[in-house]
Amino acid sequence: MKKVDICCIGHLTKDLIITPGNEVKMTGGTAYYFGVALSHLPKAVSFNIVTKMAEEDAAPVEAMRQEGIDITCFPSRHTVCFENIYGADFNNRRQRVPAKADSFTIDELQDIDARIYHLGSLLQDDFSPELIEALSQKGRISIDVQGFLREVRDENVYPVDWKAKKAILAHTWYLKVNEEEMQTITGLDDPHAAAQQLREWGVREVVITLGDRGSLAYVDGNYEDIPAFPAKAVVDATGCGDTYSAGYLYGRVQGWSPLESGRYAARMCTEKLSHHGPFKGFTE
């Protein structure tokens, strides 16, 4: 298989987005939001997507292929179903998972070749520590931590600590967390102190998103405070974190600085926030 700059691995999902006064059914998951976002950026970075879903639900895979996205889909007994329920504050949401997909395996990914493996975890058991260690021998590991801190019980999603965090972070190059995830993992409230702690556990580049207060990157002992861009409209926050990861890695692969990459990612998030569905380019 041809080597690419970025391989994003994660489940496509069937999502129900519930916001005050509105409900929308749509495809979701890191692999979807990340992949579609990258496909609408200038073609300076090569990438592919690896996912798993039930055969009867695989229409979104073909739709992504029609958009020119290189995507491999492995079979699963079920497709992940997420209900994302937002109140007036779009920085917070409640989630339910009526169905789960099968985990990814080392055998499935043995022929995948990339400079960066972006692992879009949705639930705690999507990726085993052994799988992550194996991939780290082939390229840099990038992790969006959200799924590692989610456990499903009776279809409800509960926040949990990341039991294998030190084993996995020792193999992680890029790590993106939001403020709540940062506190769960490190026990620290200050983003600068938390970034230092994550670096001590092995992460090379730490990115902490802080909602409408912007984000923070910690690379090579240097902090970069990245401002947020004013929102044009707040319609749907689902997939903003995945959009940020796509923009940040897009920049870093090309040799942009953490600040330049973070600013680009923040602009993408502001654009994505203004509508339902993934980022599909800048409107101005």
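Just so it is clear, the model here is predicted, and its values are computed rather than measured. (Residues numbered from 1 in each chain as written. Predicted model: local features only at pLDDT ≥ 70, side-chain atom pairs only at ≥ 80, totals over all residues. Heavy atoms only, no water.)

A. Quick look at the packing of aromatic side chains. The full count for this structure, using the stated rule, is 11 aromatic pairs. Judged by centre distance (5.2 Å) and plane angle (5°), the ring pair of F104 and F127 falls under stacked. With a gap of 23 residues between them, F104 in the loop between β7 (93–99) and α3 (106–109) and F127 in the loop between β8 (114–120) and α4 (129–136) connect regions that are remote in the sequence. Take F127: its relative accessible area is 3%, and that puts it in the buried class. One aromatic cluster is present, built from ring pairs that chain together Y250, W256, Y264, F279 and F282. Over the face of the ring belonging to F282 we find R267, whose NZ or CZ atom lies 4.0 Å from the ring centre. (Phe/Tyr/Trp six-rings, centres within 6.5 Å; stacked < 30°, edge-to-face > 60°. Helix = DSSP H or I, 4+ residues; strand = E, 2+ residues; numbered from the N terminus. Buried < 20%, exposed > 50% of the residue type's maximum accessible area, 1.4 Å probe, protein only. Lys NZ or Arg CZ within 6 Å of the ring centre and 35° of its normal.)

B. Broad picture of the side chain of S76. Residue placement: S76 occurs in the loop between β5 (71–75) and β6 (80–86). Given a relative accessible area of 9%, S76 falls into the buried group. Among the polar contacts listed, one links the side chain of S76 to the backbone oxygen of H78, at a separation of 2.7 Å. A distance of 2.9 Å separates the side chain of S76 from the backbone nitrogen of D102, its partner in a polar contact. Aside from chain neighbours lying at most four places away, what touches S76 is K52, M53, A54, A101 and D102. (Polar contact = N/O pair within 3.5 Å; in protein donor to acceptor, adjacent residues only side chain to side chain. Contact = heavy atoms within 4.5 Å.)

C. Main features of the environment of T19. With respect to the secondary-structure elements, T19 resides in strand β2 (residues 13–19). A residue is classified by how much of its surface remains accessible, and T19, at 9% relative accessible area, is buried. Note: C-alpha distance between T19 and D89 (70 residues apart in sequence) is 10.0 Å.

D. Representation of the pattern of salt bridges within the structure. If you walk through the whole model with that rule in mind, you get 15 salt bridges. Among the salt bridges present, the one from K52 reaches E108, with a minimum N-O distance of 2.8 Å. Here E108 lies in helix α3 and K52 lies in strand β4 (residues 47–53), a separation of 56 residues in the sequence. For E108, a relative accessible area of 19% puts it in the buried group. Between E205 and R252 there is a salt bridge; the shortest N-O distance is 2.6 Å. (Salt bridge = Lys/Arg side-chain N within 4 Å of Asp/Glu carboxyl O.)

E. Main features of the pairing of strand β14 (residues 215–219). For β14, the buried fraction is high: 5 of the 5 residues fall into the buried class. Residues S215, A217 and V219 line one face of β14 and the alternating positions L216 and Y218 line the opposite face, and both faces are buried. Following strand β13 (residues 205–209), the chain reverses through 5 residues before pairing antiparallel with β14; G211 in that reversal takes a positive phi of roughly 65°. Alignment of β14 against strand β15 (residues 222–226), held across 5 bridges, turns out to be antiparallel. (Pairing = 2+ DSSP bridges.)

F. Examining the nonpolar core more closely. Of all hydrophobic cores here, the largest spans 43 residues; its most connected members are I6, L12, L38 and Y248. With sequence-adjacent residues up to four places away left out, I6 is seen in contact with F34, L38, V45, S46, F47, N48, A114, I116, H118, L249, Y250 and V253. In this structure, F74, I143, L198 and V203 belong to the second largest nonpolar core, which totals 37 residues. (Core = buried A, V, L, I, M, F, W, Y, C linked by side-chain atoms within 4.5 Å.)

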